[in-house]
Amino acid sequence: MMDIHTHILPGLDDGTKDAEEAVCAARQAVKYGIKVMIATPHILPGVCNLKKNVIMESVSHLRQLLKQSQLPLEILPGAEYYLEPELPTKLSKGELLTLNNGGRFLLIELPEEYYPNYTERVLFELQLGGVIPILAHPERNKILLNNPLKLAGLVQRGVLLQITSGSLVGLFGKKVKAATENMVVSKMVHFMASDLHGPDKRLGAVGKA
């Protein structure tokens, strides 16, 4: 099983705090049958401005730690980009880190409280730039939560959706759980991921979802 959305790289964002916690999270992931993880630290202008080389170096370091700990978990590079109007320009400059640095899939996070009026334009321009946008946990956006038709429209335009496993088991409340179940029943879900931020119950939800 592959987990495409994790904050396992130690000390880069609000994910694992240090190497010890990252190894602990990796051990828990292996327990739940995860064999590959894509490390996707937050990229948020003005808050967390990580560069590609920093993420790649951190991935390399964590790989060595897991090898030393004899944990059979492969770590691949990636990032979770906060939606902003400048993303297409940054893509054209080669500044964005796609999943596994493969140049095909880009993980994007929407604000939780609102739905920016430039959302569709940015997603479309990214598609024109050659990448397929994956929306991270859209079920936790308060506008999309109550508007499944808007979600369906994004899917029809070729945007992929990634739900959080914890959403399916009620970690974010009954309303989010119901919306997530509706997304699954409506066949709008392309990926399920842990969105782990440490060795915690989000990873445990993988085994329950």
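Okay, so let's go over this structure. (Residues numbered from 1 in each chain as written. Predicted model: local features only at pLDDT ≥ 70, side-chain atom pairs only at ≥ 80, totals over all residues. Heavy atoms only, no water.)

**Remarks on the pattern of salt bridges**
Here the structure, examined in full by the defined rule, presents seven salt bridges. Of the charged contacts in the structure, one is a salt bridge between K90 and E84, with a shortest N-O distance of 2.8 Å. Taking the relative accessible area as the measure of exposure, E84 reaches 11% and is therefore buried. Across the pair R140 and D195 runs a salt bridge, and its minimum N-O distance is 3.2 Å. Remark: D195 occurs in the loop between β9 (191-193) and α9 (201-208) and R140 occurs in the loop between β7 (132-136) and α5 (142-145); sequence separation between them is 55 residues. Considered together, R140 and D195 belong to a single accessibility category, that of buried residues. (Salt bridge = Lys/Arg side-chain N within 4 Å of Asp/Glu carboxyl O. Buried < 20%, exposed > 50% of the residue type's maximum accessible area, 1.4 Å probe, protein only. Helix = DSSP H or I, 4+ residues; strand = E, 2+ residues; numbered from the N terminus.)

**Re the sheet that holds strand β2 (residues 36-39)**
One open sheet holds the three strands; their spatial order is β1-β2-β4, and the pairing between them is parallel. The open sheet is flanked by β1 (2-6) and β4 (74-77), the only strands paired with a single partner. Across the sheet, the mean angle separating the axes of adjacent strands is 25° when strand polarity is ignored. Where β2 lies against β4, four bridges are found, and the strand directions are parallel. By the bridge assignment for β4, A39 is matched with P77. Running over the sheet, helix α2 (residues 52-68) touches β2 and β4 and is turned about 180° from β4. (Pairing = 2+ DSSP bridges. Axes fitted to C-alpha atoms, helices over the stretch in contact; angles between N-to-C directions. Contact = heavy atoms within 4.5 Å.)

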